[in-house]
Amino acid sequence: MTKVLIIGAGAREHILAKTFFKSPQVDQVFVTPGNEGMIEERIKIVPINIDDLKGMVDFAKKENIDLTFVGSEEPLVLGIVDEFKKAGLKIFGPNKTAAQLEGSKSFAKSILKEANVPTAAFSIVRSLSEARRALVKHDFPVVFKLDGLAAGKGVSVISSCKQAEDYIVNLYKNNSNTKLLIEEFMQGPEFSLFSLVGKNNTVVHTPIAQDHKRRFDGDKGPNTGGIGAYSPVAQISFAIIEKVIKSIVEPVLKVMQDKGNPFTGVLYTGLMLTKSGPKVIEFNVRFGDPEAQVVLPQLKGDFYQMIIDLMDGRKPLIEWQKKEIYLAVVIAAPGYPDNVDKGFSVPLLDDLPSDLQIDYAAVKKDGHNLISSGGRVADCRSCKKIQLAQKDVYSYLDRSNLQLAYRHDIANQLAKFERDNQ
């Protein structure tokens, strides 16, 4: 009996569990801490806190887990991979040092500089006076990024001197030693590439995805952890993707290897296609959410075997679908990301039309029903030509009269591109 453990709690971990279940080799999937919406999918959730590394190691030993896959960034940055390997347990993800590619934006910038990879011009500051001096070198708008983990919400676009002054005064009044990145504001379409990296830099690259970070239609409002996504991204050419792999991903992996700390796991490269070519916005060290929900269903093959092959340094034989568009629309608390009320009714899997899927994130059981317990509650997903996928998802959500909120324009860029190129 092959057992898989997934670490994390949200919709990303839900789709990971479903993807592992497609493997004929996998008999049981555990998710820790998981959420109660996953139970409907024959997945066992295990109530271990996301930062309880010892608890996870002990559970994996007790259950004789064959493979652990880390979905969430926090345990990676805390060193979960190091602890599992010390215990002789098989786990897919970067060690604590390599996880700094996400855990420390200044570390990531240093790697980009060493690898000679294009990215936004930046300054790193650690005090109010340093921030004021650095701002003189930058044109507005600028981008402020908190150095550490911020659940996708540590980025602010600053449009004026007054807004910048208010931000940094408030920041350093409450956090006198905070490390802040001040970056050039870049323009162009964004997209994400996920590279699954195994032993000796054996790599599988997934189809690219486009995430929607801003809360409201038309890319307005505050940044979120991700409010919708689609994949593939037809308006980004294959030549551009190849350029990203050759001039960005491979040099970064080589630098990490040359420094004696090779990267293994999922490298998320967040990119912007500027007028001068693709540039790196950020790195993450795990699948994105909701990008995982539109990328993983495209795999035609055995995900478990693919990970085992990568970990053993073998190039997996896999294929990705090329015909349909996968669209995921996130359903969130009405006040997300600033104010998160709970207790709203959530659509049930059994109530969905047969051509829609749902992945649960912040939900709890309430008798036979599910209610919301956090900000991003679930995502509703379709797989068709883009106009049909949008119609199916939005028709269902609109007629459901949900008290939860969602954007109404996810993948409009792709729909416009396809209309313009018919």
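Residues numbered from 1 in each chain as written. Predicted model: local features only at pLDDT ≥ 70, side-chain atom pairs only at ≥ 80, totals over all residues. Heavy atoms only, no water.

Caption draft 1: Region of the structure containing the overall build of the protein chain. Assigned secondary structure in the protein chain consists of 13 helices and 24 strands. Relative to its length of 422 residues, the protein chain is compact, with a C-alpha radius of gyration of 21 Å against a globular reference of 22 Å. Taking the principal axes of the C-alpha coordinates as reference, the protein chain spans close to 60 × 50 × 45 Å. Here the protein chain holds 422 residues, and the buried ones make up 56% of them. Within the protein chain, contacts between residues separated by at least 24 positions form 68% of all contacts whose residues are at least 6 apart in sequence. For the protein chain, the accessible area works out to roughly 18,100 Å², and carbon and sulfur atoms hold 49% of it. (Helix = DSSP H or I, 4+ residues; strand = E, 2+ residues; numbered from the N terminus. Rg over C-alpha atoms; globule rule 2.2 N^0.38 Å. Buried < 20%, exposed > 50% of the residue type's maximum accessible area, 1.4 Å probe, protein only. Contact = heavy atoms within 4.5 Å. Areas by Shrake-Rupley, 256 points an atom, 1.4 Å probe, with all protein chains shown as cover.)

Caption draft 2: Structural detail: the sheet that holds strand E20 (residues 325-332). One open sheet accounts for five strands, arranged E12-E15-E20-E24-E21; its pairing is antiparallel. Whereas interior strands pair on both sides, the edge strands pair on one side only; in this sheet they are strand E12 (210-211) and strand E21 (356-360). When strand E15 (residues 228-231) meets E20, the two strands line up antiparallel, connected through four bridges. In the sheet register, Ser231 faces E20, and the bridge partner there is Tyr326. Sheet contacts for helix H1 (residues 11-21): E21 and strand E24 (376-384); angle to E21, the most-contacted strand, approximately 120°. (Pairing = 2+ DSSP bridges. Axes fitted to C-alpha atoms, helices over the stretch in contact; angles between N-to-C directions.)

Caption draft 3: Representation of the layout of surface pockets within the structure. What the second largest pocket holds in volume is close to 550 Å³. Lining the second largest pocket are 23 residues; nearest its centre among them are Thr206, Pro207, Ile208, Phe238 and Ile241. Among the secondary structure elements, those contributing two or more residues to the lining of the second largest pocket are strand E11 (203-205), helix H9 (238-258) and strand E19 (319-320). Of the residues that constitute the lining of the second largest pocket, the class distribution is 14 nonpolar, five polar and four charged. (1 Å grid on protein atoms, 1.4 Å probe; cavity = no way out; pocket = protein on both sides within 12 Å on 5 of 7 lines; lining within 4 Å. Points joined across faces, edges and corners; volume = space filled by probe spheres on them. Nonpolar A, V, L, I, M, F, W, Y, C, P; charged D, E, K, R; others polar.)

Caption draft 4: Here's a closer look at the side chain of Asp392. You can see Asp392 is positioned in helix H12 (residues 386-399). Accessibility expressed as a relative area gives 18% for Asp392, which makes it buried. A polar contact of 2.4 Å, which involves the side chain of Asp392, links it to the side chain of Lys384. Apart from residues no more than four positions distant in its own chain, Asp392 is found in contact with Asp355, Leu356, Ser382 and Lys384. (Polar contact = N/O pair within 3.5 Å; in protein donor to acceptor, adjacent residues only side chain to side chain.)

Caption draft 5: Up close: the packing of aromatic side chains. A full pass over the atoms with the stated rule returns 10 aromatic pairs. When the centroid spacing of 4.9 Å and the interplanar angle of 80° are considered together, the rings of Phe194 and Tyr268 count as edge-to-face. One end of the pair, Phe194, is in strand E10 (residues 190-197); the other, Tyr268, is in strand E16 (residues 265-274), and 74 residues separate them in sequence. According to the relative accessible area criterion, Phe194 is buried, its value standing at 0%. The exposure class of Tyr268 is buried, given its relative accessible area of 3%. An aromatic cluster is present here, built from Phe20, Phe69, Phe92, Phe194, Tyr268, Phe287 and Phe303 joined pairwise through their rings. (Phe/Tyr/Trp six-rings, centres within 6.5 Å; stacked < 30°, edge-to-face > 60°.)

Caption draft 6: Fine view of the pairing of E10. Here E10 lies mainly inside the structure; seven of its eight residues are buried. The pairing of E10 with E16 spans eight bridges and is antiparallel. Of the residues in E16, the one forming a bridge with Phe191 is Leu271. Where E10 meets E11, three bridges bridge the pair, whose relative direction is antiparallel.

Caption draft 7: Structural context of the sheet that holds E10. Sheet architecture is open: four strands sit in the order E11-E10-E16-E17, paired in antiparallel fashion. Here the strands that pair on one side only, and so sit at the sheet edges, are E11 and strand E17 (277-284). Strand after strand, the sheet turns through a mean of 30° between neighbouring axes, direction not considered.

Caption draft 8: Here's a closer look at unusual backbone geometry. Here Phe140 and Pro141 are connected by a cis peptide whose omega angle stands at 0°. Of note, Pro141 is situated in the loop between helix H7 (128-135) and strand E7 (142-146). Despite not being glycine, Asn116 shows a phi value in the positive range, around 60°. Within the secondary structure layout, Asn116 lies in the loop between helix H6 (105-114) and strand E6 (122-125). Judged by its relative accessible area of 68%, Asn116 is exposed.

Caption draft 9: Up close: the pattern of salt bridges. The tally for this structure, following the rule as stated, stands at 26 salt bridges. For Lys162, the salt bridge identified is with Asp166, shortest N-O distance 2.9 Å. Of the two residues, Lys162 and Asp166 are both situated in helix H8 (residues 161-174); the distance of four residues between them amounts to about one turn of the helix. We classify Lys162 as exposed; its relative accessible area is 60%. (Salt bridge = Lys/Arg side-chain N within 4 Å of Asp/Glu carboxyl O.)

Caption draft 10: Spatial organisation of the side chain of Asp302. Inspection of the secondary structure puts Asp302 in the loop between strand E18 (299-300) and helix H11 (303-311). Within the structure, Asp302 has its side chain in polar contact with the side chain of Gln25 (distance 3.0 Å). Setting aside its immediate chain neighbours within four residues, Asp302 contacts Ser23, Pro24 and Gln25.

Caption draft 11: Main features of the packing of H6 against H9. The interhelical angle for the contact between H6 and H9, taken along N-to-C directions, is 105°, at an axis separation of 9 Å. Between H6 and H9, the interaxial angle falls into the category roughly perpendicular. Contacts between H6 and H9 involve Ile111, Leu112 and Glu114 on the former and, on the latter, Val252, Val255 and Met256. Considering only residue class, the contact of H6 with H9 consists of five nonpolar, no polar and one charged. (Parallel < 35°, antiparallel > 145°, perpendicular 65-115°, else oblique.)

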